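Breakdown of the fold
Letter by letter, the chains look like this.
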Amino acid sequence: MNIVVCVKYVPDSTADRHFEEDYTVDRVGVDGLLSELDEYAVEQALQLKEKRADEEVTVTALCVGPEKAVDAARKALQMGADKAVHVLDDAIAGSDYAATSLVLAKAIEKIGVPELVICGMASTDASGSVIPAMLAERLGLPQVTLASVIESQGDQVRIKRDNEGSTEVIGATMPLVLSVTDQSGEARYPSFKGIMAAKKKPMEVLSLADIGVEADQVGLSVAWTQVADTTARPPRTAGEIVKDEDGSGAVALTEFLASKKFI
Amino acid sequence: MSEVLVVIDHAEGEVKKPTYELLTIARRLGEPSAVFFGAPAQGDPVAEKVKKYGAEKVYVIDDAELKGYLVAPKAEALQQLVEKTSPAAVLIPSTFEGKEVAARLAIKTGSGLITDAVDVQEGPVTTQSVFAGNYTVTAKVTQGTPIITVKPNSAAPEETEGAAAVEAFAVTISDVAKTAQIIAAQPRQSTGRPELTEAAIVVSGGRGTGGNFEPIEQFADSLGAAVGASRAAVDSGWMPHAFQVGQTGKTVSPQLYVANGISGAIQHRAGMQTSKTIVAVNKDEEAPIFELVDFGVVGDLHTVLPAATEQVTQRKG
Ligand SMILES: Cc1cc2nc3c(=O)[nH]c(=O)nc-3n(C[C@H](O)[C@H](O)[C@H](O)COP(=O)(O)OP(=O)(O)OC[C@H]3O[C@@H](n4cnc5c(N)ncnc54)[C@H](O)[C@@H]3O)c2cc1C
Ligand SMILES: Nc1ncnc2c1ncn2[C@@H]1O[C@H](COP(=O)(O)O)[C@@H](O)[C@H]1O
């Protein structure tokens, strides 16, 4: 069985994230890492592999992004993925969801459509939660998204998830696209052994030409959406902070709420 | 004027407030046509409701054949409606389901997609709040039909009478769309409190509650508020995940957000930073949440909240 895990390289959410002059996300000037939410996807892929010990299961980490994005793929290898594919091409810079999903889909077809494509629930920078659905659409596969519990038997997959108003059980037959939430279980840390082993694992770098995508199908200039402006949120003006002493806190709080007409 | 398709957010025909916000926004872009996925018998009562917010047409798509599956059939249905109506835009509620329907629809129709808009103006030009609310981005769609998912509380619903002409729209759903099946669904029990994402006031608790949410719930009830929680509180099993506010929970943008025993991690901020007024109760004066607040109390939530609850209740008397 083959599993492809989509891992994105994102700017650290605790760093000072910002935009470039062309309104694309600065992915180079800010420390980046494997999107934390994709660690859960890698974890679930590895658990599946462990559960299916009697089969040959290959986990391939797939990453689309600039040169530094190789770090995200490498982290997946350190956690235990078997190999990694990095799609790297200058023309990709500034791609929107449509182009990113195209590159991912074409790369997956190039690797060979696996039984399972596993994604995180959202990237921590764009946080659209749309790439898994777009991938499924492009690959003509079912999507089973936002899983918190995953069970599989043979080619059957069942997941549990929290939807808006209910808890659901969803079922589908492989091949399919799966996305997992941060409720699916802590992701493992790379062990020392894992870090050493990762150095010897295959890391393939593919260009757009390698996966059969034309340069003019992707990138900022052909994006189906265009950013007109980005503005930093003005810092909130310092609020009033009181120390509670013998009940003064509750009085002040109630006063404040009343003054703002919340009571 | 071109039609603007608005997908109705509802549960069993109970229309939810974001629908009225979307209809209000749609009027800035063209003529609102509401799209109802549901039982045909509910079409007329639903039309009566959206009529009040200016829906000129109501397309009723019988969901008998769709509802047992995840989003793919809905996306196919919308594609067929888009082909028929050539709308100026498609507005979809920014729920996870809504975003996935939009994602598939965007690829199917070769259209640009903008997710999680907090405002949409003529153009359409959208506003999004990104990087945990630290930036606002304005954008537009440059190809195909603008497909925009809109967050709750993005507009104040404005009433105006529409024609609300009901039209049954027959769709054909392919077999490949019916491959991810909903095997079971267990509706969550209602708490009787307002919906978290729609509430005007949200009172949240974190690890600082120590697992006792009673002071949070009682304070919330005194204000008529929804209850929220941090991931730490959810991970500890104190509150169900549906109550989580933040990056991997709900984004809320209420008039008032009260964070109690919550430190204010970036992932929590991502879900509440755009609230109009922010209040915190935390016993650590160094807690990062205080950087965000309009008003803060350094104190123990277990004493401050019960006392405040009593005073609020008295004032409301
Ligand atoms: C990928 C990812 C996604 C995440 N998504 C989310 C998310 O969606 N939502 C979210 O909330 N978090 C999320 N987190 C977790 C986040 O980083 C924090 O760990 C979490 O928000 C902390 O919750 P907390 O503030 O309740 O707990 P803590 O950080 O432990 O803070 C508890 C606070 O309570 C105060 N306190 C203690 N006792 C009292 C008392 N008696 N009275 C008053 N105050 C008291 C303390 O001073 C402290 O400030 C995510 C993390 C990651 C990595
Ligand atoms: N550039 C990328 N490279 C690899 N995977 C990606 C990329 N962008 C998005 N993904 C995957 O799609 C998921 C959802 O992303 P998004 O729709 O941007 O929130 C992520 O958690 C990743 O698994």
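What counts as what
Residues numbered from 1 in each chain as written. Chains lettered and ligands numbered in written order. Predicted model: local features only at pLDDT ≥ 70, side-chain atom pairs only at ≥ 80, totals over all residues. Heavy atoms only, no water. Core = buried A, V, L, I, M, F, W, Y, C linked by side-chain atoms within 4.5 Å. Buried < 20%, exposed > 50% of the residue type's maximum accessible area, 1.4 Å probe, protein only. Helix = DSSP H or I, 4+ residues; strand = E, 2+ residues; numbered from the N terminus. Contact = heavy atoms within 4.5 Å. Pairing = 2+ DSSP bridges. Axes fitted to C-alpha atoms, helices over the stretch in contact; angles between N-to-C directions. Salt bridge = Lys/Arg side-chain N within 4 Å of Asp/Glu carboxyl O. Near = heavy atom within 4 Å. Polar contact = N/O pair within 3.5 Å; in protein donor to acceptor, adjacent residues only side chain to side chain. Areas by Shrake-Rupley, 256 points an atom, 1.4 Å probe, with all protein chains shown as cover. Buried area = accessible area lost by both parts, 1.4 Å probe. Nonpolar A, V, L, I, M, F, W, Y, C, P; charged D, E, K, R; others polar. Phe/Tyr/Trp six-rings, centres within 6.5 Å; stacked < 30°, edge-to-face > 60°.

Things to note about the nonpolar core
Within soluble globular proteins, side chains that are nonpolar tend to cluster in buried spots. Of all hydrophobic cores here, the largest spans 59 residues; its most connected members are L135 of chain A together with L113 of chain B. A per-element tally of this core places helix α3 (residues 97-111) of chain A first, with 8 residues. Dropping the residues within four chain positions of it, L113 of chain B is found in contact with Y97, V130, M134 and T225 of chain A together with A102, A103, A106, V141, I147 and T149 of chain B. Counting 45 residues, the second largest nonpolar core, distinct from the first, contains C63, L77, M79 and V144 of chain A.

Focus on the sheet that holds strand β10 (residues 147-150) of chain B
Sheet architecture is open: 10 strands sit in the order β13(A)-β9(B)-β8(B)-β7(B)-β10(B)-β6(B)-β1(B)-β4(B)-β5(B)-β11(B), paired in mixed fashion. Two strands in the sheet have a free side with no partner beyond their single neighbour: β13 (225-232) of chain A together with β11 (165-168) of chain B. Within this sheet the neighbouring strands show an average axis-to-axis angle of 35°, counted without direction. Two elements, strand β6 (residues 89-93) of chain B and β10 of chain B, share 4 bridges in a ladder whose sense is parallel. Paired with V90 of chain B across the strands is I147 of chain B, a residue of β10 of chain B.

Side note on the pattern of salt bridges
The full count for this structure, using the stated rule, is 28 salt bridges over all chains. Of the charged contacts, one joins K8 of chain A and D125 of chain A as a salt bridge, the two residues approaching to 3.0 Å between their closest N and O atoms. Here K8 of chain A, found in the loop between β1 (2-6) and β2 (9-11), pairs with D125 of chain A, found in the loop between β6 (116-120) and α4 (131-139); they are 117 residues apart in sequence, far enough to count as distant. In this structure K8 of chain A comes out as partly exposed when scored by relative accessible area, which is 24%. With a relative accessible area of 5%, D125 of chain A lands in the buried category. Across the salt bridge formed by R231 of chain B and D235 of chain B, the nearest N and O atoms sit 3.3 Å from each other. A residue pair is termed a helical-turn pair when its members lie 3 or 4 positions apart in one helix, as R231 of chain B and D235 of chain B do in helix α6 (residues 231-235) at 4 residues.

Things to note about the pairing of strand β7 (residues 143-147) of chain A
Residues and elements named next belong to chain A. Most of β7 is tucked away, with 5 of its 5 residues classed as buried. As judged from the 3 bridges shared by β7 and strand β11 (residues 176-180), these two strands associate in the parallel manner. Pairing of Q143 across the sheet is with V177, part of β11.

So, the site of ligand 1
Taken together, 28 residues are adjacent to ligand 1, and R207, S230, S263, Q267 and N282 of chain B come closest. Residues close to ligand 1 are split across chains A and B. The backbone of R231 of chain B places a nitrogen or oxygen atom 2.9 Å from an oxygen atom of ligand 1. When ligand 1 sits alone it has 980 Å² of accessible area, and the protein chains cover 83% of it. Put simply, the parts of the chain that give the shell around ligand 1 at least two residues each are α1 (36-51) of chain A together with α6, α7 (266-269) and α8 (301-316) of chain B.

Structural notes on the interface of chain A and chain B
In this assembly, 78 residues from chain A lie in contact with 84 residues from chain B. Here chain A and chain B share an interface that buries about 7,000 Å² over both sides, 57% of which is from carbon and sulfur atoms. Counting every contact that joins chain A to chain B gives 7 salt bridges. Ionic pairing is found between K108 of chain B and E137 of chain A, a salt bridge with its closest N-O pair at 3.0 Å. For the pair chain A and chain B, the number of links is 42 residue pairs in polar contact (both at pLDDT 80 or more). Looking at the side of chain A that touches chain B element by element, the count peaks at 10 residues for helix α7 (residues 248-259) of chain A. Class assignment for the residues of the side of chain A that touches chain B results in 35 nonpolar, 25 polar and 18 charged. Pairing geometry for β13 of chain A and strand β9 (residues 135-141) of chain B, over 7 bridges, is antiparallel. Each residue of the ladder has a partner; that of T230 of chain A, found in β9 of chain B, is V137 of chain B.

Comments concerning the sheet that holds strand β8 (residues 149-153) of chain A
The antiparallel open sheet is built from 4 strands, whose spatial order is β8(A)-β9(A)-β10(A)-β12(B). Every interior strand has two partners, whereas the edge strands, β8 of chain A together with β12 (181-187) of chain B, have only one. Going from strand to strand, the sheet's axes swing by 15° on average, the running direction of each strand aside. Note that strand β9 (residues 156-162) of chain A and strand β10 (residues 166-173) of chain A share 7 bridges and pair antiparallel. Bridge pairing in β10 of chain A places I159 of chain A opposite I170 of chain A.

Side note on the site of ligand 2
All names here are of chain A. Taken together, 21 residues sit near ligand 2, with C6, D38, V64, S123 and S129 positioned nearest. At 2.8 Å, a backbone N or O of V64 approaches a nitrogen atom of ligand 2. Taken by itself ligand 2 offers 490 Å² of open surface, and the protein chains cover 98% of this. Listed by contribution, the elements that provide at least two residues to the shell around ligand 2 are β4 (58-64), α3, β6 and α4.

Notes on unusual backbone geometry
Note that the residue after M174 of chain A, namely P175 of chain A, is joined by a cis bond; omega there is 0°. Residue position: P175 of chain A is located in the loop between β10 and β11. Here the amide bond leading from G123 of chain B into P124 of chain B is cis, since omega sits at -10°, within 30 degrees of zero. Checked against the element boundaries, P124 of chain B lands in the loop between β7 (113-121) and β8 (125-130). Backbone geometry places N153 of chain B, a non-glycine residue, at a positive phi of 65°. Note that N153 of chain B resides in the loop between β10 and β11. We classify N153 of chain B as partly exposed; its relative accessible area is 25%. At A164 of chain B, a position not held by glycine, the phi torsion is positive, near 50°. Take A164 of chain B: its relative accessible area is 9%, and that puts it in the buried class.

Considering the packing of aromatic side chains
Geometry of an aromatic ring pair is reported as the spacing of the ring centres plus the angle between the planes. The tally for this structure, following the rule as stated, stands at 6 aromatic pairs over all chains. With a centroid separation of 5.1 Å and an interplanar angle of 20°, the aromatic rings of F19 of chain A and F131 of chain B are classed as stacked. Separated into two different chains, F19 of chain A in the loop between β2 and β3 (32-34) and F131 of chain B in the loop between β8 and β9 make up a pair that spans both. Classification of F131 of chain B as buried rests on a relative accessible area of 4%. Measuring from ring centre to ring centre gives 4.7 Å for F256 of chain A and F295 of chain B, while their planes differ by 15°; the resulting arrangement is stacked. Highlighted residues: F256 of chain A in helix α7 and F295 of chain B in strand β17 (residues 295-298), drawn from two different chains.

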